[in-house]
Amino acid sequence: MTDVETRLRDALSVRASSVPHDPYAYGAIARRRANRRFTRLAAPIAAVAATAALVGAATVTVRFPERAGPAGGGPARLGVLLENGRALVVERANPRGPVLAQSPPEYGEVDDLSTADGETFYAAAGRKGTCASVLFTMTADGRSTKLLDVAGAVTGLAVSPDGQRLAYAVAVRRGTPDAIPGCGTIVDVHVRDLATRTEKVWRGYLGVTPAQHLTWSADGRYLAHDGVFDVSRIDTTAPATRRPKAFLDNFRNPYGGGLCFPRAPGYLPTGELVVLVDCENAGTDDPTTSRAVVVDPVTGRLGRVVFRLPNKLESHWLAFDRTGENALVGAGKSTFRDVNTRYNVVYWWQPGKQPRRVSDASKSWERVVW
Amino acid sequence: MAPREQEAGLPALFNAHYRRLLALAVLVTDDQATAEDLVQEAFARLHGRALDDPDRALAYLRSTVLNLSRSRLRRLRTARKHQRPDDELVPSPEEDVILRADQRAVLDALRTLAPRQRQALVLRYWEDMNEAQVAGAMGVSAGAVKSHTARGLAALRRRLEATR
């Protein structure tokens, strides 16, 4: 063996022995340099200025950020957060930014929110003390318009990318057990043409599939949603006669341990469907690190990992923007048997980068839309 | 073995081979996060496939890691050309402590080789495979392995001499 061969063998052996072998290690994060003093100071100021220009100083109160957000390139405005019936701007520098729109008090607690243009917000609110809901719009100038009353609990809501159709899922009482405790047994998915006010309805989802996190493909053809640890897809151009089947169910963790649970689908502009996958660790029911994985909606086969969250939080929702260059993920600490989350944070992801935390820990983070 | 039985064997396969596959991926890509993705994807691709014996499953995993790493390396090369100095990866504390200067020089030189040369050298000198085994893992002929290994070693020697 030559000298080069000996040295090569030696170097490879030492390098291989230094590889951290935790399956969920995230070495790259710790290794990134973070010497960006200027951008750390400049980013919050730029974010406030950009947001003020975007939403108009007359309709919102712009607050100076309480703390600096993560540094680096990207949009100042990351999305819109639903919190206690208010649509808040999520800024990089200030996750609870200015209020864009607020639901009128007569509609009760807002359950879900969706927007196609960032100006008109479609909202679903449950009527207090009943299982009835109301769908309405709200805008930044304070106007609110009722669309319709719904005889059931709305479990998900999404306006199509062109703003022409509104999809919503409703739990209705047709048997037992209830998909929404006390409110419904079977979930119907409605797609409403907002111009003609006509609806196409996929009826008869099983009660255990409450159809949450409705999300449209960029071309407005497909509507994906999750249920209880499974993911389904509806072709909205097809007749609404057959109940779509889940194409991805929970599955055994290939890394060992318990099961893996897919949830919260999101479409990339390329048409690829991405789901968040949380797996149980061996011997416990604690979640492992959540991964956003491309899935084939026909075969249910998992493909490439788009990103992973940098810690072992359970993911709740996923929102890509229209360019696919940004995504927000809500994650929290809970167990699979305890759905009451105790600790919620929001991560911002950009291609080629690790997700960065943009929010403080909170109990009240809900869904973000773009 | 039926897919369901195969599925049941995956945890054992993972426990037995994850670490070595990850090390292989790190040696051929030189990036821990990328390596983790590649190995994760290799296991995800194996999931649901009916491979009847564990050796075949391991060979499948190794080949998948190598194939994925080649395409990933091509993309990484382009990405690194446009990388800002701020985003450069610096050695992990483990690497800093463990690697001597001469070992680091060898790995730096290895990094500059073409992906197939690098893979051939890693399989030959780290996995201790013979030419036929390397050829099987890389999906090329034994002659091609001979050529990649010889050229890789020659390039490595030149670069190490140039850095002296």
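Quick caveat, the model's predicted, so the values are computed rather than measured. (Residues numbered from 1 in each chain as written. Chains lettered and ligands numbered in written order. Predicted model: local features only at pLDDT ≥ 70, side-chain atom pairs only at ≥ 80, totals over all residues.)

### Describing the overall build of chain B
Counting its secondary structure elements, chain B contains eight helices and zero strands. Here chain B, with 164 residues, has 35% of them falling under the buried criterion. In chain B, once contacts between residues fewer than 6 apart in sequence are set aside, the share between residues at least 24 apart is 65%. (Helix = DSSP H or I, 4+ residues; strand = E, 2+ residues; numbered from the N terminus. Buried ≥ 20, exposed ≤ 12 C-beta atoms within 10 Å, placed from the backbone. Contact = placed C-beta atoms within 7 Å.)

### Description of the overall build of chain A
Scanning chain A from N- to C-terminus turns up three helices and 25 strands. Expressed as a percentage of its 370 residues, the buried residues of chain A come to 46%. Within chain A, counting contacts between residues at least 6 apart in sequence, those at least 24 apart form 45% of the total.

### Points about the sheet that holds strand 17 (residues 259-267) of chain A
Residues and elements named next belong to chain A. Within the open sheet, the five strands sit side by side as 16-17-18-19-20. Their pairing is antiparallel. Looking at which strands have only one partner, the edges of the open sheet turn out to be strand 16 (251-252) and strand 20 (302-308). Strand direction decides the pairing type here: strand 16 and strand 17, joined by two bridges, are antiparallel. Bridging across to strand 17, F251 finds its partner in C260. (Pairing = 2+ DSSP bridges.)

### Quick notes on the nonpolar core
Nonpolar side chains in soluble globular proteins tend to be buried together. A:V275, A:Y347, B:A25, B:V39 and B:V65 are the most contacted members of the largest nonpolar core, which has 126 residues in total. Among the elements that line this core, the one with the most residues is helix 1 (residues 3-29) of chain B, at eleven residues. For B:V39, the residues in contact, after removing those within four places along its chain, are B:Y18, B:L21, B:L22, B:A25 and B:V65. (Core = buried A, V, L, I, M, F, W, Y, C linked by C-beta atoms within 7 Å.)

### So, the environment of A:R165
Residue and element names in this part refer to chain A. Among the structural elements, R165 can be located in strand 9 (residues 165-172). Judged by the 22 C-beta atoms lying within 10 Å of it, R165 falls in the buried class. Along the chain, R165 and H190 lie 25 residues apart, while their C-alpha atoms are 9.9 Å from each other. Among all residues touching R165, those that are not within four sequence positions of it are S160, V191, R192, D193 and L194.

### Describing the pairing of strand 6 (residues 133-139) of chain A
Residue and element names in this part refer to chain A. Of all seven residues making up strand 6, five are buried, and the element is well covered by its neighbours. Alignment of strand 5 (residues 120-126) against strand 6, held across seven bridges, turns out to be antiparallel. Bridging from a neighbouring strand, F121 pairs with M138 of strand 6. Taken together, strand 5 and the strand that follows it, strand 6, pair antiparallel across an intervening segment of six residues, in which G129 is found at a positive phi of about 80°. With six bridges connecting them, strand 6 and strand 7 (residues 144-150) associate as antiparallel partners. Paired with S133 across the two strands is V150, which belongs to strand 7. The hairpin formed by strand 6 and strand 7 contains four residues between the paired strands, and G142 there has a positive phi angle of roughly 95°.

### Digging into the pairing of strand 12 (residues 212-216) of chain A
Residue and element names in this part refer to chain A. Counting buried residues along strand 12, four of its five residues qualify, which places the element largely inside the surrounding structure. Bridge analysis of strand 12 against strand 13 (residues 222-226) gives three bridges, and the strand direction is antiparallel. The residue bridging Q212 from the neighbouring strand is D226, located in strand 13. Following strand 12, the chain reverses through five residues before pairing antiparallel with strand 13; G220 in that reversal takes a positive phi of roughly 75°.

### Some points on helix 2 (residues 32-46) of chain B
Taking 1.5 Å of rise per residue, the 15 residues of helix 2 of chain B would be expected to cover 21 Å, and the 21 Å separating its terminal C-alpha atoms lies within 8% of that figure. With respect to burial, helix 2 of chain B is a largely interior element, 13 of its 15 residues being buried. (Expected span 1.5 Å × (residues − 1).)

### Some remarks on the sheet that holds strand 12 of chain A
All names here are of chain A. Pairing within the open sheet is antiparallel, and its four strands lie in the order 12-13-14-15. Strand pairing shows two members of the sheet lacking a second neighbour, strand 12 and strand 15 (246-248), which therefore form its edges. Taking each pair of neighbouring strands and ignoring which way they run, the sheet shows an average axis angle of 30°. Bridge count between strand 14 (residues 231-235) and strand 15: two bridges; the pairing is antiparallel. Within strand 15, the position partnered with S232 by the bridge is A246. (Axes fitted to C-alpha atoms, helices over the stretch in contact; angles between N-to-C directions.)

### Details of the environment of B:T112
Residues and elements named next belong to chain B. Within the fold, T112 resides in the loop between helix 5 (101-111) and helix 6 (115-125). C-beta crowding within 10 Å serves as the criterion here: with 11 such atoms nearby, T112 is assigned to the exposed category. In this structure, the C-alpha to C-alpha distance between T112 and A155, residues 43 residues apart in sequence, is 9.0 Å.

### What to know about the confidence of the model for chain A
Residues and elements named next belong to chain A. With 66% of its residues at a pLDDT of 70 or more, chain A has an overall mean of 71. Averaged over each element, pLDDT in chain A is lowest for helix 2 (residues 27-31) (26) and highest for strand 7 (91). Low pLDDT, under 50, characterises residues 22-72; the stretch is placed with 89 contacts to residues that sit more than four places away or in other chains. Contacts from residues 335-342, a stretch scored under 50 in pLDDT, to residues over four places away or in other chains number 14 contacts. (pLDDT = per-residue confidence, 0-100.)

### What about the packing of helix 6 of chain B against helix 7 (residues 131-138) of chain B?
Residue and element names in this part refer to chain B. The geometry of helix 6 relative to helix 7 is characterised by a closest axis approach of 10 Å and an angle of 130° between their N-to-C directions. Between helix 6 and helix 7, the crossing angle belongs to the class labelled oblique. For the crossing formed where helix 6 meets helix 7, the hand is right-handed. For the pair formed by helix 6 and helix 7, the contact residues are R116, Q119, A120, L123 and R124 on the first element and V134, A137 and M138 on the second. Residues of the contact of helix 6 with helix 7, tallied by class, amount to five nonpolar, one polar and two charged. (Parallel < 35°, antiparallel > 145°, perpendicular 65-115°, else oblique. Left-handed = near helix turned anticlockwise from the far one by under 90°. Nonpolar A, V, L, I, M, F, W, Y, C, P; charged D, E, K, R; others polar.)

### Overview of unusual backbone geometry
Residues and elements named next belong to chain A. Non-glycine residue R197 carries a positive phi angle of around 65°. Its location among the elements puts R197 in the loop between strand 10 (186-193) and strand 11 (199-205). According to the C-beta neighbour criterion, R197 is exposed, with 9 such atoms within 10 Å. Positive phi outside glycine occurs at A264, with the angle close to 45°. If you trace the backbone, A264 turns up in strand 17.

### Examining the confidence of the model for chain B
Residue and element names in this part refer to chain B. On average, chain B scores 77 in pLDDT, and the residues at 70 or more come to 73%. Highest mean pLDDT in chain B belongs to helix 6 (93); lowest belongs to helix 4 (residues 93-98) (51). Taken as a whole, residues 1-7 scores under 50 in pLDDT and shows twelve contacts with residues more than four places along the chain or in a different chain. Counting contacts from residues 83-94, a segment whose pLDDT is below 50, to residues more than four positions away or on other chains yields 15 contacts. This prediction of the complex comes with two scores: 0.56 for pTM and 0.84 for ipTM.

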